[in-house]
Every structure is written in structure tokens, then in C-alpha cells.
Amino acid sequence: MKQAIRAARIFDGEREITGEPVVVVADGKIVSTDPAGLPVIDLGDVTLLPGLVDSHVHLAFDPFGVATDQTDPDDVVLARIRANALEALQAGITTVRDLGDRGYLTLQASDAGPEVLVSGPPVTTTGGHCWFLGGEADGLDGVRAAVTERVERGVDVVKIMATGGSITPGSSPFDQQYTTEELRAAVEIAHAAGIPVTVHAHASTGIKAAVDAGVDSIEHAFFLAPGGLAVDWDTVDTLVRKEIYVSTTTARRPTAEPATPVSLTLRENFGRMRERGVRLVCSSDAGIGPFKRFDSLPHGVIEFGELLGFSTADALASATSVAARACGIGDRKGRIAPGHDADLLAVAGNPLQDLSALLDVRAVFRNGERVV
Ligand SMILES: [Zn+2]
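Throughout, a residue's number is its position along its own chain's written sequence, starting from 1. In keeping with the predicted nature of the model, local features appear solely for residues at pLDDT of at least 70, side-chain atom pairs appear and are counted solely at 80 or more, and the whole-chain, interface and lining totals rest on all residues. Side-chain descriptors were evaluated using all non-hydrogen atoms of the structure, hydrogens and water having been removed beforehand.

Draft legend 1. Geometry of the sheet that holds strand β9 (residues 93-98). Sheet architecture is open: three strands sit in the order β8-β9-β10, paired in parallel fashion. Where the open sheet ends on each side, the last strands, each with one partner, are β8 (52-57) and β10 (115-118). Strand after strand, the sheet turns through a mean of 15° between neighbouring axes, direction not considered. Summarising the sheet, β8 and β9 pair through four bridges and their orientation is parallel. When the bridges of β9 are listed, L52 appears paired with I93. Between any two strands, pairing holds if DSSP finds at least two bridges. Strands here are runs of E lasting at least two residues and helices are runs of H or I lasting at least four, both read from the DSSP assignment and numbered beginning at the N terminus. Helix axes are fitted only over the stretch in contact, all axes being lines through C-alpha atoms; the angle between N-to-C directions runs from 0 to 180 degrees.

Structure representation (C-alpha cells):
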């Protein structure tokens, strides 16, 4: 079934197209067919964008619950995964990449609404960050076996914890969990299977090890140090040269809490990284707390414009075309272009003038079908 969708303007993932452009959709894809004679959905004074891509979520988590408590039965977790995925879709997030569940449950929710990319349980050391999700693996042989298992399970991405994290008791974000060699072993096996590797890293040592190992992206990359932040700009420059993406995980719903000096410095640092050429991806880490609901991503895009010095177009790209490329799906997501999936978001007004327009969702299409 072929149809045309008309909007006042389009942001195609990279730039604005004005003059009431029309997008033709056939069999779930965007096609370059002449729209003449086709049924038209006229959306009026809206901007049509590629559906948003949130490259870091935890669908299995309850934002109001306790992540370390993994006692819920599988059917309860699966129902939560589906509900959380739908919350994302309502906000125009048509692709989510899940970077940590228990028992690969998210693989059972590929029909939940948005496209769901899955890592399964993150690879971590015994007792290490998020060990409670079941992904413990130690040493070179342990890491190789864990990554091989994930490839055989059919994951879309391998997630590995290079440093500890703050939500796991007994784990410290300053501690490195894996050596460069161990991370490199993960990269070799995953890349041989055509799967990207993304690495959780807070402190400088873990970030540097991940960069040296040639991973595809780094989650957080805050350069946390005792008492604050300490960016290693040499590592940042290497990361730029190696074309490694940084997924900021900064998107969150607005909060009444005042910003802390560290959180402001963090955003300043990301702004400086942008100036140095880092490919920054706007992502949320949805699920890990009350302000990390599954519709948080648009708020992060607005912040990229307000606090990180992004132009509106670049901010929008950070959650569409750039995010899709970071996830290895840039050939079919994140652009409004022929051959791409017809995952579309229509918002009132023009987010290229005011990014907060992203919060006024008027329509969402997934594989060409209107779902909102
Ligand atoms: Zn996470």
C-alpha cells in the first residue's frame, strides 16, 4: 500500500526541507515515487522528522523501582518491557537500544512497538557493575565465551562494563574492570559477527582502555574522578581520530532539583568535546531512576541546544541520523530518505527554530503505519 504524507516542513535527519514537502511510503519504507495520484495524509503545520533513536535504555527496569532487586518473575518483567517500550513510542522514539536486561528477556519483545535493539545482560566481572543481571565473565577466556554466547543468542550489540558503576553496591565508577586486551578480545569476536561493541566507562582509565581496544562507542564517558571530573583530552583526541561515538546518557525529564556544579561541568565538557569533533549521541539511560522515564530523550535534545552549544539541526541529528549510525543502523534509520524505514515523527511548529517543539507530538509512524 502506497501513500503520501505531507507536512509544512521536514527535518530529514541532517537538514531542513521547506515548502510543504511530501514523503511517499510503500510497504513500510520511504520510496522515491512521484506522489501524484496517491492518497495523501496532510498533517498541516507540523515538522516531520525521522523517528527518534534512543541508543541507551533499560526496558526491563522500573524507573521507580530498585534495579538491583531482580526478584520479579519473567512474565512481570516482560510486561514491564512492553509498557516501557510503548512509553518511548508515544514520545516519537521509534528505535530503542536496550543495553542491559536479565536473561535476554528483551529479545522476546521485538514486536513491542518501537524497533528494539538488544544487548542482553551486560558483560561484567564477578561482583562487578550490574552483576545482578547475570552477565559475569572473568579473564580473556571468560570474556570470549560471554561474547560468543551473545552472538549465538542473536543480540544486536555487545555491552561490556569497562569500569564499575554507582548503582551497584560494592562497585566503584573509578575502578577499571577489564584490561585493554580483554576489551579487544570482545571487539574481535563481535566484529567478526558484524555486531558493534559499546562500553560502559565512567573513569579515565576505562575510557582509555576502551578507546585503545577499538570499540564502536562509549556510554557515559564522564571522566569521573574522585571529587569531580578530570577529562583526559589526549584520549578524547584519539577517540575523535578513531571515529568512536560517545553516548552521553544525559537526557532526563526536567527536575525541580537545582543543577550541581558537577552536572554543569559535565555539560561544559561535552560542549568542548563537540568542538573537538567528538560524535556525541544524545541518549537517556532510561529506567535507572524517576527522572529517567522512557520518554526522556527529547529533553536531552533540547539540552544539547541549550547547554552544549549544538545548533538546532545538530541537536536533532544527535538523536536521529548520528544516533542511528552509532548503533550501526544508519542505512535504514535516522533519515527521511528513500530506502529507509518509514519511522516518522510529526511535531507541532518548527523544532529547528525552537527545540521544545519536540515535546508537542502530533503523529508517530512506525514502518509506515500511524501509531500515534
Ligand atoms: Zn545504562
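Read on for the rest.
Draft legend 2. Looking closely at the layout of surface pockets. Any residue with an atom within 4 Å of a point lines the site, the site being either a cavity, points on a 1 Å grid over the protein atoms alone where a 1.4 Å probe fits but cannot get out, or a pocket, an open set with protein on both sides within 12 Å along at least 5 of 7 lines. Grid points are joined across faces, edges and corners, and a volume is the space filled by probe spheres set on the points. In this model, the largest pocket occupies a volume close to 1,100 Å³. Taken together, 42 residues make up the lining of the largest pocket; nearest its centre are T249, T250, R252, R267 and K292. Those elements giving two or more residues to the lining of the largest pocket turn out to be β11 (158-161), β12 (197-203), β13 (217-225), α6 (261-276) and α7 (297-307). When residues of the lining of the largest pocket are assigned to their parent elements, the largest contribution, six residues, is made by α7. Gly falls in the polar group here, along with every residue not listed as nonpolar (Ala, Val, Leu, Ile, Met, Phe, Trp, Tyr, Cys, Pro) or charged (Asp, Glu, Lys, Arg). Class assignment of the residues belonging to the lining of the largest pocket gives a composition of 18 nonpolar, 15 polar and nine charged. In this structure, the second largest pocket encloses a volume near 170 Å³. If you go around the second largest pocket, the residues you meet are Y245, R274, G277, V278, R279, L280, F310, D314, A317, S318, V322 and R325. The set of elements that each furnish at least two residues to the lining of the second largest pocket consists of β16 (279-281), α8 (312-318) and α9 (321-326). The biggest single contributor to the lining of the second largest pocket is α8, with three residues. Its residues assigned to classes, the lining of the second largest pocket shows six nonpolar, two polar and four charged.

Draft legend 3. How the structure looks around empty space enclosed by the protein. Summed over all chains, the structure comprises one cavity of 30 Å³ or more. P50, G51, T94, R332, K333, G334, R335, D341 and D343 together form the lining of the largest cavity. Taken together, the residues of the lining of the largest cavity sort by class into one nonpolar, three polar and five charged.

Draft legend 4. Quick look at the sheet that holds strand β7 (residues 46-50). Taken in spatial order, the six strands of this open sheet run β3-β2-β7-β17-β18-β19, and their pairing is mixed. With partners counted over all chains shown, the strands left at the sheet margins are β3 (16-17) and β19 (369-370), one partner each. With four bridges joining them, strand β17 (residues 344-348) and strand β18 (residues 361-366) adopt antiparallel strand pairing. Residue pairing for β18: L345 is matched across the bridge by V364.

Draft legend 5. View of the domain arrangement of the protein. Along its sequence, the protein is organised into domain 1 (2-50 + 334-370) and domain 2 (52-326). For domain 1 versus domain 2, the separation of C-alpha centres amounts to 29 Å. Any pair of residues with heavy atoms lying within 4.5 Å of one another is described as a contacting pair. Opposite the 20 residues of domain 1 that make contact, domain 2 presents 24 residues. We define buried area as the total accessible area lost by two parts upon association, computed with a 1.4 Å probe and summed across both. When domain 1 packs against domain 2, the two sides together hide about 1,700 Å² of surface, and 70% of this comes from carbon and sulfur. Interface area lost by domain 1 to domain 2 is led by L355, L358 and R366, which between them contribute 33%. When a carboxyl oxygen of Asp or Glu is within 4 Å of a side-chain nitrogen of Lys or Arg, the pair counts as a salt bridge. Inspection of the region where domain 1 meets domain 2 yields one salt bridge. Side-chain atoms alone can form a polar contact between residues adjacent in sequence; in general such a contact is a pair of N or O atoms within 3.5 Å, and within protein one must be able to donate a hydrogen while the other accepts it. At the boundary of domain 1 and domain 2, one finds six residue pairs in polar contact (both at pLDDT 80 or more). Looking at the side of domain 1 that touches domain 2, the elements that each hand over two or more residues are β7 and β18. For the domains described, the bounds stem from an automatic or database domain assignment.

Draft legend 6. Inspection of the side chain of H200 at higher detail. Tracing the chain through its elements places H200 in strand β12. H200 sits in the buried class, given a relative accessible area of 2%. At 3.0 Å, the side chain of H200 and the backbone oxygen of G164 are in polar contact. Within the structure, H200 has its side chain in polar contact with the side chain of H220 (distance 3.2 Å). Working definition: with a 1.4 Å probe on protein chains only, accessible area under 20% of the residue-type maximum means buried, over 50% means exposed, and in between means partly exposed.

Draft legend 7. Molecular detail of the packing of helix α3 (residues 180-192) against helix α4 (residues 204-213). Two numbers describe how α3 lies on α4: the axes approach to 8 Å, and their chain directions differ by 45°. Considering the angle they form, α3 stands oblique to α4. For the element pair α3 and α4, the recorded crossing hand is right-handed. Counted together, T180, L183, R184 and V187 of α3 and A209, A210, D212 and A213 of α4 form the full contact between these two elements. Here the residues of the contact of α3 with α4 are counted per class, giving five nonpolar, one polar and two charged. Orientation categories follow fixed angle ranges, with anything under 35 degrees roughly parallel, anything over 145 roughly antiparallel, 65 to 115 roughly perpendicular, and all other angles oblique. Left-handed describes a crossing whose near helix is turned anticlockwise from the far helix through less than a right angle; right-handed describes the clockwise counterpart.

Draft legend 8. Inspection of the nonpolar core at higher detail. Definition used in this section: a nonpolar core is a set of buried Ala, Val, Leu, Ile, Met, Phe, Trp, Tyr and Cys residues joined via side-chain atoms within 4.5 Å. By size, the foremost hydrophobic cluster in this structure holds 97 residues, and its most contacted members are I160, V215 and I218. If we skip the residues at most four places from it in the chain, I218 touches T198, V199, A201, I207, A210, V211, L239, I244, Y245, V246 and S247.

Draft legend 9. The arrangement of unusual backbone geometry in detail. Residue E20 is not a glycine yet carries a positive backbone phi of 50°. Looking at E20, the relative accessible area reads 53%, which means it is exposed.

Draft legend 10. Seen up close, the pattern of salt bridges. In the structure shown here, the tally under the stated rule is 26 salt bridges. Where D12 meets R335, a salt bridge forms, and the shortest distance between an N and an O atom there is 3.3 Å. One end of the pair, D12, is in the loop between β2 (9-11) and β3; the other, R335, is in the loop between α9 and β17, and 323 residues separate them in sequence. Residues D12 and R335 agree in their burial class; the two are buried. Close ionic contact of D111 with R82 constitutes a salt bridge, the shortest N to O distance being 3.1 Å. With a gap of 29 residues between them, D111 in the loop between β9 and β10 and R82 in helix α1 (residues 74-90) connect regions that are remote in the sequence.

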